[in-house]
Amino acid sequence: MLSQWQHLLRPINCGPMHLKNRLTAAPINTGLENLSNLAALADFYAEAAADGVSLVTLFSPALSGQAKQNSDTQPAIADDFQRYKPILKAVSDFDCRTAIELNHIGQDAGVLFPVSSVPGTSEYTGKSFYAAPGFLIRKAIRQFAQCAQRAASVGFDAVEINASGRSFIASFLSPAVNTRRDAWGSNQLGRFRFLLETVRSCKRNLPENKALGVRFNLMELSPKGAPWDEILRLIQMLRIAGADYLVGIVDGFEERVPTHSHAIPEGVWIPAYDLPVFFTDPCTDFDQLETLAQKHDNAVFSLSTPLLGDSSFIRKKLGIAEGEIRPWIDHHDSGVPLDLLRTRRLLNLTNPCQFGRFPLSKVKTPVPKRIAVIGAGLAGMLFASIAAGRGHSVTLFEKNAEPGGQLHFARKIEDNEDYDKWIDLLKNSIHLNKVNVIYNKRIDLRELKKEGIFDRYVVATGSEPEIPDIAGINASNVVTYEELLNGSPVGNRVAVLGNGRLAL
């Protein structure tokens with residue numbers, strides 16, 4: 001079976017770093033990084049390593065107080081990289097390598113005086129940022145090199161310089177942004193200078209057995225962005241400066257979980273310069289990835305969301321593990337690590353694909369109970385499925401003919417068509433866990449309790465729109481969001497009361 005994927009599973013050398021295959025884990029800002037104990041983060045990456053990835057890339061602390069994204073992010077200090085040793089040990093047991101991404105946020109930094117190549121206002125923080133003077137640029141180069149040295153000293157196999165998206169270095173590379181008239185931007189070589197000097201400095205500080213990667217915007221989807229011949233020239237100069245591999249970003253920067261997906265553009269491999277090129281969030285069709293790996297010997301694929309959705313994603317794709325792949329479904333609360341401090345787990349209760357990471361979700365109960373769940377919306381179906389999977393006898397009551405509840409409203413909003421998959425996944429889950437579902441049944445909780453059939457009762461009857469007590473609220477031209485999404489007409493001038501997610 002594995003012979004079908006001989007090119008995808010073929011080893012590759014990224015300079016001195018040997019990878020066992022072409023499947024790696026992209027850096028994922030899980031929210032667990034700032035905990036004092038990184039055991040939960042080690043468990044998460046150990047799952048990815050056990051699944052078969054050849055490399056995991058971690059986010060580092062900010063290079064300095066000037067580079068941090070917000071007040072919760074701690075700047076790197078001399079011994080900070082020691083914290084990551086449990087992760088290095090956990091993944092090395094599966095012949096998996098580790099890299100760390102070094103970041104300077106630049107214009108979006110949550111500090112008093114954020115800097116960039118030129119002055120402006122951040123659309124993310126709303127704060128003004130300033131053109132960095134030469135001494136601050138040179139200081140940042142030294143900080144990159146010092147952090148690279150520290151990371152290598154604790155056992156990281158590779159260090160990655162982040163020059164992608166809206167980062168500090170990226171703002172110098174882009175001709176659409178960098179309009180400086182000094183040595184850091186007056187021409188093409190000036191725009192390259194910050195990154196190239198950073199690469200050279202980091203390479204000098206790394207031992208010969210450690211690799212150096214560069215994350216940069218492989219394509220810049222802007223009319224004034226870098227043309228393809230300029231990108232090719234930068235790649236050639238990065239190779240000469242000491243880069244061992246490249247991570248190509250397509251006009252974007254890494255978001256919080258889940259990362260945003262980009263299709264791999266055709267013709268972007270660079271065979272002439274013989275550097276491995278990593279592509280973030282490629283398609284999940286392994287047949288297509290196998291074809292690409294066969295055509296392009298330097299292609300490597302960096303996965304994120306598939307690994308979040310299913311910890312056995314790769315093994316299931318390769319036919320090593322059985323079962324249906326649980327996809328990650330984007331939604332407005334994706335990636336919020338709820339209940340983090342208590343559970344020490346990457347957890348998203350609102351995503352059925354992530355709910356399986358809850359610590360007790362797979363532990364069989366020693367005392368099975370008879371449980372009634374009233375309401376087959378998201379909460380009701382999730383609870384019923386997990387409780388039944390743990391061994392309880394669960395009956396789920398729903399007043400309508402179909403489950404889904406509030407998800408049916410959410411799916412009517414443009415670009416929320418994937419919510420249909422949620423409903424299908426949840427329906428399949430309650431079926432597989434043998435939940436007894438009774439539709440078209442309104443329940444009076446008092447009467448149900450009198451029958452004495454159940455040991456526990458869970459009320460999951462959803463929410464009702466809050467109607468404010470203001471003059472005119474009962475007028476004929478006032479509708480709730482439920483009425484609106486069910487087809488109530490509106491005019492050309494609309495006032496929205498409230499600024500929650502549905503209102504936005």
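Every chain's residues receive numbers from 1 upward, in the order its sequence appears when written. At least 70 in pLDDT is required for a residue's local features to be given in this predicted model, at least 80 for side-chain atom pairs to be given and counted, and no such filter applies to totals for whole chains, interfaces and linings, which use all residues. As a convention, hydrogens and water are excluded, and side-chain values are obtained from all of the structure's heavy atoms.

## Brief notes about the overall build of the protein
The criterion, for reference: Helix and strand definitions follow DSSP, with helices as H or I runs of at least four residues and strands as E runs of at least two, each counted in order from the N terminus. Here's how the labels work: a residue is buried when its accessible area is under 20% of the maximum for its type, exposed when over 50%, partly exposed in between, all with a 1.4 Å probe on protein chains only. Whether two residues are in contact is decided by their heavy atoms, any of which lying within 4.5 Å being enough.
Check the secondary structure of the protein and you find 15 helices and 17 strands. Residue burial in the protein is summarised as follows: out of 504 residues, 50% are buried. If you take every contact in the protein between residues at least 6 apart in sequence, the share linking residues at least 24 apart comes to 68%.

## Examining the packing of aromatic side chains
Threshold: Ring pairs are drawn from Phe, Tyr and Trp, using the six-membered ring of Trp, whenever the two centres fall within 6.5 Å, and their geometry is named by plane angle: stacked under 30 degrees, edge-to-face over 60, tilted for the rest.
Taken as a whole, this structure holds 13 aromatic pairs when the rule is applied. Centroid distance Phe81 to Tyr84: 6.4 Å. Interplanar angle 35 degrees. Geometry classified as tilted. As far as the burial class goes, Phe81 and Tyr84 line up, both buried. Seen in terms of ring centroids, Tyr84 and Phe156 are 5.8 Å apart; in terms of plane orientation they differ by 65 degrees. Their pairing is edge-to-face. Separated by 72 residues along the polypeptide, Tyr84 in the loop between strand 4 (55–62) and helix 2 (85–92) and Phe156 in the loop between helix 3 (134–154) and strand 9 (158–163) bring together distant segments of the chain. Phe156 matches Tyr84 in its accessibility class, with the two residues each being buried.

## Comments concerning the packing of helix 11 (residues 378–389) against helix 13 (residues 419–432)
Spelled out, the test is: Here the axes come from fitting lines to C-alpha atoms, over the contacting stretch only for helices, and the angles between their N-to-C directions go from 0 to 180 degrees. The handedness criterion is simple: a crossing whose near helix is rotated anticlockwise from the far helix by less than a right angle is left-handed, and one whose near helix is rotated clockwise is right-handed. Residues are grouped as follows: Ala, Val, Leu, Ile, Met, Phe, Trp, Tyr, Cys and Pro are nonpolar; Asp, Glu, Lys and Arg are charged; all remaining types, including Gly, are polar.
The geometry of helix 11 relative to helix 13 is characterised by a closest axis approach of 9 Å and an angle of 30 degrees between their N-to-C directions. Note on packing geometry: the crossing formed by helix 11 with helix 13 is left-handed. Taking contact as the criterion, the partners of Leu378, Met381, Leu382 and Ser385 in helix 11 are, on helix 13, Trp422, Leu426, Lys427, Ser429 and Ile430. Its residues assigned to classes, the contact of helix 11 with helix 13 shows 6 nonpolar, 2 polar and 1 charged.

## Here's the deal with empty space enclosed by the protein
Under the convention used in this document: We place a 1 Å grid over just the protein atoms. Points where a 1.4 Å probe fits but has no way out form a cavity, open points with protein on both sides within 12 Å along at least 5 of 7 lines form a pocket, and any residue with an atom within 4 Å of a point lines it. Grid points are joined across faces, edges and corners, and a volume is the space filled by probe spheres set on the points.
A full pass over the atoms with the stated rule returns 3 cavities of 30 Å³ or more. Considered as a void within the structure, the largest cavity measures approximately 140 Å³ in volume. Listed by contribution, the elements that provide at least two residues to the lining of the largest cavity are helix 4 (168–173), strand 10 (211–219) and helix 6 (228–241).

## Notes on the sheet that holds strand 8 (residues 128–131)
Pairing between sheet strands relies on hydrogen bonds along the backbone, with the strands arranged either parallel or antiparallel. Keep this limit in mind: A pair of strands is considered paired only if DSSP assigns at least 2 bridges between the two.
Pairing in this open sheet of 3 strands is mixed, and the strands run 6-8-7 from one edge to the other. Among the strands making up the open sheet, the edge pair consists of strand 6 (115–116) and strand 7 (120–121). Pairing geometry for strand 7 and strand 8, over 2 bridges, is antiparallel. Pairing of Gly120 across the sheet is with Phe129, part of strand 8.

## Concerning the sheet that holds strand 14 (residues 370–374)
Taken in spatial order, the 4 strands of this open sheet run 16-15-14-17, and their pairing is parallel. Either end of the sheet is taken by a strand with one partner, and the two such strands are strand 16 (436–438) and strand 17 (456–459). The mean inter-strand angle of the sheet, taken between neighbouring strand axes irrespective of direction, is 20 degrees. In this structure, strand 14 lies alongside strand 17, joined through 4 bridges in parallel fashion. Bridging across to strand 17, Val373 finds its partner in Val458. The strands that helix 11 touches are strand 14, strand 15 (393–397) and strand 17; relative to strand 15, the one it contacts most, it runs at about 165 degrees.

## What to know about the pattern of salt bridges
Here the idea is simple: oppositely charged side chains can pair when their charged atoms come close. Counted only if it meets this: Any carboxyl oxygen of Asp or Glu within 4 Å of a side-chain nitrogen of Lys or Arg constitutes a salt bridge here.
Evaluation of the coordinates by the stated rule reveals 17 salt bridges. One salt bridge connects Arg370 with Asp455, and the closest N-O pair in it is separated by 3.1 Å. Of this pair, Arg370 sits in strand 14 while Asp455 sits in the loop between helix 14 (445–451) and strand 17, and the two are 85 residues apart along the sequence. You can call Arg370 partly exposed: its relative accessible area is 39%. Sharing partners across several salt bridges, the network here consists of Arg10, Arg22 and Asp297.

## Quick look at the side chain of Asp51
For clarity, the cut-off: What qualifies as a polar contact is a pair of N or O atoms within 3.5 Å, subject to a donor-acceptor requirement within protein and to the restriction that residues adjacent in sequence count only when both atoms come from side chains.
Structurally, Asp51 is set in helix 1 (residues 39–51). Looking at Asp51, its side chain comes within polar contact range of the main-chain nitrogen of Phe313, at 3.2 Å. What Asp51 contacts, discounting residues up to four positions off in sequence, is Leu307, Ser311, Ser312, Phe313, Ile314 and Arg315.

## Thoughts on helix 11
Applicable threshold: Expected helix span is computed as 1.5 Å times (number of residues minus one).
Taking 1.5 Å of rise per residue, 12 residues should cover 16 Å, and helix 11 covers 16 Å from first to last C-alpha, within 8% of that figure. Among the 12 residues in helix 11, 10 count as buried, and that is most of the element. Turning to helix 11, its buried residues number three or more, namely Leu378, Gly380, Met381, Leu382, Ala384, Ser385, Ile386, Ala387, Ala388 and Gly389. Residues of helix 11 that are buried in the fold lie against strand 14, strand 15, helix 12 (406–410) and helix 13. Positive backbone phi, approximately 115 degrees, marks Gly391, located one or two places after helix 11.

## Describing the side chain of Ser174
Within the element layout of this structure, Ser174 appears in the loop between helix 4 and helix 5 (188–205). For Ser174, the contacting residues outside a window of four places in its chain are Arg191 and Glu220.

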